[in-house]
Amino acid sequence: DAGITQSPRHKVTETGTPVTLRCHQTENHRYMYWYRQDPGHGLRLIHYSYGVKDTDKGEVSDGYSVSRSKTEDFLLTLESATSSQTSVYFCAIRGDGYEQYFGPGTRLTVT
Amino acid sequence: GIQVEQSPPDLILQEGANSTLRCNFSDSVNNLQWFHQNPWGQLINLFYIPSGTKQNGRLSATTVATERYSLLYISSSQTTDSGVYFCAVGRGYQKVTFGTGTKLQVIP
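These notes cover the structure that comes with them.

Calculation notes
Residues numbered from 1 in each chain as written. Chains lettered and ligands numbered in written order. Predicted model: local features only at pLDDT ≥ 70, side-chain atom pairs only at ≥ 80, totals over all residues. Heavy atoms only, no water. Helix = DSSP H or I, 4+ residues; strand = E, 2+ residues; numbered from the N terminus. Buried < 20%, exposed > 50% of the residue type's maximum accessible area, 1.4 Å probe, protein only. Polar contact = N/O pair within 3.5 Å; in protein donor to acceptor, adjacent residues only side chain to side chain. Pairing = 2+ DSSP bridges. Contact = heavy atoms within 4.5 Å. Salt bridge = Lys/Arg side-chain N within 4 Å of Asp/Glu carboxyl O.

### A short note on the environment of B:N30
Residue and element names in this part refer to chain B. Turning to its location among the elements, N30 is positioned in the loop between β3 (19-25) and β4 (31-37). Given a relative accessible area of 29%, N30 falls into the partly exposed group. Sequence separation of N30 and I107 is 77 residues, and the distance between their C-alpha atoms is 36 Å. A distance of 3.4 Å separates a polar atom in the side chain of N30 from the backbone nitrogen of G92.

### Re the pairing of strand β4 (residues 32-38) of chain A
Residues and elements named next belong to chain A. For β4, the buried fraction is high: seven of the seven residues fall into the buried class. Side chains of β4 alternate between two faces, with M32, W34, R36 and D38 and Y33, Y35 and Q37 buried alike. Where β4 meets strand β5 (residues 42-51), seven bridges bridge the pair, whose relative direction is antiparallel. Bridge assignment links R36 to a residue of β5, and that residue is R44. Counted along the chain from β4 to the antiparallel partner β5, the turn is three residues long, and its residue G40 has a positive phi close to 85°.

### Remarks on the environment of A:L108
Residues and elements named next belong to chain A. Turning to its location among the elements, L108 is positioned in strand β11 (residues 106-110). Separated by 94 residues in the primary sequence, L108 and E14 place their C-alpha atoms 11 Å from one another. For L108, the contacting residues outside a window of four places in its chain are K11, T13, V19, L78, Q85, T86, S87 and Y89.

### What about the pattern of salt bridges?
All names here are of chain A. Following the criterion strictly, the structure yields six salt bridges over all chains and no others. In this structure, the salt-bridge partner of D73 is R22, at a minimum N-O distance of 3.1 Å. Here D73 is found in strand β8 (residues 73-78), whereas its partner R22 is found in strand β3 (residues 19-25), with 51 residues between them in sequence. Here D73 falls in the buried class, since its relative accessible area comes to 8%. Residue classification places R22 among the partly exposed positions, given a relative accessible area of 34%. Ionic pairing is found between D38 and R44, a salt bridge with its closest N-O pair at 2.9 Å. According to the relative accessible area criterion, D38 is buried, its value standing at 12%. One salt-bridge network, in which partners are shared between bridges, spans R22, K70 and D73.

Don't take any of this as a statement about function, it's just geometry.
Structure representation (structure tokens):
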């Protein structure tokens, strides 16, 4: 257990509203990641962070922004949610041995 | 970017049977991991195996980096092995690319 929690676990929101998902870790790992999982696509990287205030884009970053003001928290924001952003969102950390460990996921539905 | 292909996409096994899942990748990598996503959606790290062979109970994995593939072996399968198995690869240690997975169903 890498001590990763995500909140909320489920959310339903309307098109055009802002949404923020939170990932929290308890073990001070430097690297944190946000992925989305959709049928037929596996997991795709949205953004990742390699330290406080240090972030970079993944392969599907359009429409998403992130922030990391503390080591333990990595926030994913959808500025104006669209139906194409309906997905399951996973946060992960990179352990000391380069393995990634995942949080429980957040199921987001945009209506 | 690196392309990752997993096969087969779907697999149905009788409990007690053995299986081999394959992961092919398009470029040299120094980071390769196998994950299991259980039917409740939880993603569990199985192996970090950029090369060589590792075993953990009924599961083992082999990566032949020079030939750009990795194999995950499941022996004496159990219903709790059901779920989706993902391979993820990377050229560095910052990020990885996931395959689309193999969905395994073990029937009693």
